[in-house]
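Coordinate inspection notes
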Amino acid sequence: MKKTFTLLLVIVMSMTLVLAGCGKANNAENNQNQPPAAAPDNKAADENAKTETPEEVVTLKWGTWMGDEDVQRIKEAFEATHPNIKIEKDPAVTWPWNEKLAAVAAAGELPDVTWTFGVPVAAANGWLEDLTPYLEKDLEFQDGKTFKNLNDTANYSGKQYALPHSLLMFGVFLNLDLFEKENIPVPSANWTVEEMRDAAIALTKYNDRQFGMVNLNGMRQTIPSAFDPNLGWNTWDGEKYNFTSPAFKEAVSYIDELLYSDKVSLDIYKEEEKEQWYGKDKWPWMLGKIGMAYDGSWLISGNIQNANFKWDIRPLPSSKGQRLPLITDYVGISKSSKHKEAAFEFVKWLTYSKEGWMERMKPEWPLGATLPLINDEEVWNAYLGRADMPAGMKDLIAMIPDGLVDPIKYLPGYMDAIGIYDETFKQINERQVKLEDVAADMEKRMNDTYKAAVDQLSKVE
């Protein structure tokens, strides 16, 4: 995951033909090399017609938390080029996700294809098929156009239990009108932590209820990568958590200074204060009162629809390095599926098929919560060419191959580890304890949860 490589955008012009049509073409070509056969009599022809049967139509159950409208859109697009595979959403799998998956698994009724809210949980329970044999035979996957750092997150001991089907990213959204109003230079993509702090201070006008930043508490989990690029989300380095590292202490101090010394963020104020200033259920960012918001790429569509100001996006700033926070969701095939080959075709369409991504890049498809998951210039041009796409997105996209991925859905033991983290930082924020007094204990406990979960995974056959 840590290996850095340059994003290659390769133009590949291809069309996916319906397999049945290909079969007919191949048969016609082969027949040219055969001696002419005697024409059957009418009786024999009638008998042949009676015994010919169409290719079997397979129906796949799909466990997904997508809304019905999105499910229908994907179902129709996939079935249009895969006429022998039908997709049905499985209503039995819903929230709480892992509990419902466990229930249908116990009943022997796992859907053929399923979203997972925690690949390690699904893998450890024996719910997921190893995709490796299918991927090794698939030329489109072997072309190397997927993001290896993302695929690797769901690979345990050489077994690919799932693939990312959606990709989100965190960035710093800028209110360009406020930058202009306060006569502050708009930062470039390779800006620094010092530049972000200076801009946040200059943008903050307490008497006007205008603040330089929002969501700084969330940034604490990812900003350590700016001070040590070897650290990922919550200091994970691919093998262990590193809360005793100097970089983490430096990152926490940086965020605390912005919050409590500079007081540039709305985060430190109570909800009743914010409601009094801006009104009930009003979001200060959309009201144009926030200079910079640390938020996810899902905010793009909201900004397009509701922001009455000019805006753009930047990656996290740098100190000693600069990496992009990413979020992935995963899909896999159930071990109990009776239609694994067909299920793999659907998984491929959802994850790394160019045909699938080009369909979702059509203008009539709404700008969804996912970015494309393949390195293809045509796909990315279609994505970036959408109306009102912020110019800064191209800089973030270039950083995907070295991004740090939110561990919540792929890292063994993280579900328990994040509880330890939240509990500890609640005490720190309430000034009950100091970071230097609890960092080592937090680090050890979180690393222990990882080791225990890995041990459990190693027992899966």
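Quick note: structure is the one above.
It should be emphasised that the depicted structure is a prediction, and the values quoted were computed from it without experimental measurement.

Thresholds applied
Residue indices follow the written sequence of each chain, beginning from 1 at its first position. Totals for whole chains, interfaces and linings use every residue, but because this is a predicted model, local features are given only for residues with pLDDT of at least 70 and side-chain atom pairs only at 80 or more, for both listing and counting. To get the side-chain values, all heavy atoms of the structure are used, and hydrogens and water are removed first. Salt bridges are defined as contacts in which a side-chain nitrogen from Lys or Arg sits within 4 Å of a carboxyl oxygen from Asp or Glu. Starting at the N terminus, helices and strands are each numbered in turn, a helix being any DSSP run of H or I of at least four residues and a strand any DSSP run of E of at least two. For every residue, the accessible area obtained with a 1.4 Å probe (protein chains only) is divided by the maximum for its type, and the residue is called buried under 20%, exposed over 50%, and partly exposed between those limits. Axis angles are defined between N-to-C directions and span 0 to 180 degrees, where every axis is a line fitted to C-alpha atoms and, for a helix, only to the segment in contact. When describing relative orientation, an angle under 35 degrees is termed roughly parallel and one over 145 degrees roughly antiparallel, while 65 to 115 degrees is termed roughly perpendicular and anything else oblique. Here a residue-residue contact requires only that any non-hydrogen atoms of the pair lie within 4.5 Å. When residue character is reported, Ala, Val, Leu, Ile, Met, Phe, Trp, Tyr, Cys and Pro are called nonpolar, Asp, Glu, Lys and Arg charged, and the others, Gly included, polar. With a 1 Å grid laid over protein atoms only, a set of points is called a cavity when a 1.4 Å probe fits there but cannot get out and a pocket when it is open yet has protein on both sides within 12 Å along at least five of seven lines; lining residues have an atom within 4 Å of a point. Grid points are joined across faces, edges and corners, and a volume is the space filled by probe spheres set on the points. Residues grouped as a nonpolar core are buried Ala, Val, Leu, Ile, Met, Phe, Trp, Tyr and Cys residues, joined through side-chain atoms within 4.5 Å. Any Phe, Tyr or Trp ring, taking Trp's six-membered ring, that has another such ring centre within 6.5 Å forms a pair; planes under 30 degrees apart are called stacked, those over 60 apart edge-to-face, and the others tilted. Only when the NZ of Lys or the CZ of Arg is both within 6 Å of the ring centre and within 35 degrees of the ring normal is a charge said to sit over the ring.

**A short note on the pattern of salt bridges**
Side chains carrying opposite charge are able to pair once their charged atoms draw close together. Inspection of every chain in the model, using the stated rule, returns 27 salt bridges. A salt bridge links Glu-182 to Lys-205, with the nearest nitrogen and oxygen atoms 3.9 Å apart. Note that Glu-182 is positioned in the loop between helix 9 (176-181) and helix 10 (193-203) and Lys-205 in the loop between helix 10 and strand 7 (211-214), a separation of 23 residues in sequence. Put simply, Asp-376 and Lys-354 hold a salt bridge, and the shortest N to O gap is 3.4 Å. Of the two residues, Asp-376 is situated in the loop between helix 17 (354-360) and helix 18 (377-384) and Lys-354 in helix 17; the sequence distance between them amounts to 22 residues. Note on accessibility: Asp-376 and Lys-354 belong to one class, buried. Each of Lys-145, Lys-354, Asp-376 and Glu-378 takes part in salt bridges that share partners, so that together they form one network.

**Topic: the packing of helix 10 against helix 13 (residues 246-261)**
Taken N-terminus to C-terminus, the directions of helix 10 and helix 13 make an angle of 10°; their axes are 11 Å apart at the nearest point. Considering their axes alone, helix 10 and helix 13 lie roughly parallel with respect to each other. Here Val-193, Met-196, Arg-197 and Ala-200 of helix 10 come into contact with helix 13, specifically with Tyr-254, Glu-257 and Leu-258. Of the residues assigned to the contact of helix 10 with helix 13, the class counts are five nonpolar, no polar and two charged.

**Section: the packing of helix 20 (residues 414-429) against helix 21 (residues 435-458)**
At a minimum axis separation of 9 Å, helix 20 and helix 21 run at an interaxial angle of 170°. With respect to helix 21, the element helix 20 is oriented roughly antiparallel. In this structure, helix 20 uses Asp-416, Ala-417, Ile-420, Tyr-421, Glu-423, Thr-424, Phe-425 and Ile-428 to contact helix 21, whose residues at the interface are Leu-435, Val-438, Met-442, Arg-445, Met-446 and Thr-449. Class assignment of the residues belonging to the contact of helix 20 with helix 21 gives a composition of nine nonpolar, two polar and three charged.

**Let's talk about empty space enclosed by the protein**
Scanning the entire structure with this criterion turns up four cavities of 30 Å³ or more. Space inside the second largest cavity adds up to approximately 60 Å³. What lines the second largest cavity is simply Thr-146, Phe-147, Leu-150, Asn-151, Leu-163, Pro-164, Thr-351, Tyr-352 and Leu-373. Residue assignment for the lining of the second largest cavity shows that the elements contributing at least two residues are helix 8 (148-151) and strand 6 (163-175). Taken together, the residues of the lining of the second largest cavity break down into six nonpolar, three polar and no charged.

**Here we look at the environment of Pro-164**
Mapped onto the secondary structure, Pro-164 falls in strand 6. Contacts of Pro-164, omitting those with residues within four sequence positions, involve Leu-150, Asn-151, Thr-328, Asp-329, Tyr-330, Thr-351 and Leu-373.

**What to know about the layout of surface pockets**
Each pocket or cavity is described by its volume, and for the second largest pocket that value is around 530 Å³. As for the second largest pocket, its lining consists of 24 residues, of which Met-66, Asp-70, Gly-368, Ala-369 and Thr-370 are closest to the centre. Of all elements in the fold, only helix 3 (68-81), strand 6 and helix 17 reach the threshold of two or more residues within the lining of the second largest pocket. Ranked by residue count, the leading element in the lining of the second largest pocket is helix 3, at four residues. The residue inventory of the lining of the second largest pocket, partitioned by class, reads 13 nonpolar, five polar and six charged.

**Concerning the nonpolar core**
Trp-62, Met-219, Ile-223, Met-292, Phe-346 and Ile-400 are the most contacted members of the largest nonpolar core, which totals 135 residues. Once residues within four sequence positions are removed from consideration, Ile-223 is found in contact with Ala-251, Tyr-254, Ile-255, Leu-316 and Pro-317.

**Quick notes on the packing of aromatic side chains**
A complete count under the given rule lists 35 aromatic pairs for this structure. Here Tyr-156 and Tyr-161 contribute two aromatic rings whose centre-to-centre distance is 6.0 Å and whose plane-to-plane angle is 35°, an arrangement assigned as tilted. Here Tyr-156 matches Tyr-161 in class, with each residue buried. Summarising the aromatic geometry, the rings of Phe-211 and Tyr-269 are spaced 5.3 Å apart at their centres and angled 50° between planes, so their arrangement reads as tilted. With Phe-211 in strand 7 and Tyr-269 in the loop between helix 13 and helix 14 (271-278), this residue pair connects regions lying 58 residues apart in the sequence. In this structure Phe-211 comes out as buried when scored by relative accessible area, which is 0%. Each member of the aromatic cluster is reached from another via a ring pair, and the members are Trp-62, Trp-65, Phe-78, Trp-95, Trp-97, Trp-115, Phe-117, Phe-346 and Trp-349. Sitting over the face of the ring of Trp-365, Arg-73 holds its NZ or CZ atom 5.7 Å from the ring centroid. Here the guanidinium or amino end of Arg-360 rests over the ring plane of Trp-357, the centre of that ring lying 3.9 Å away.

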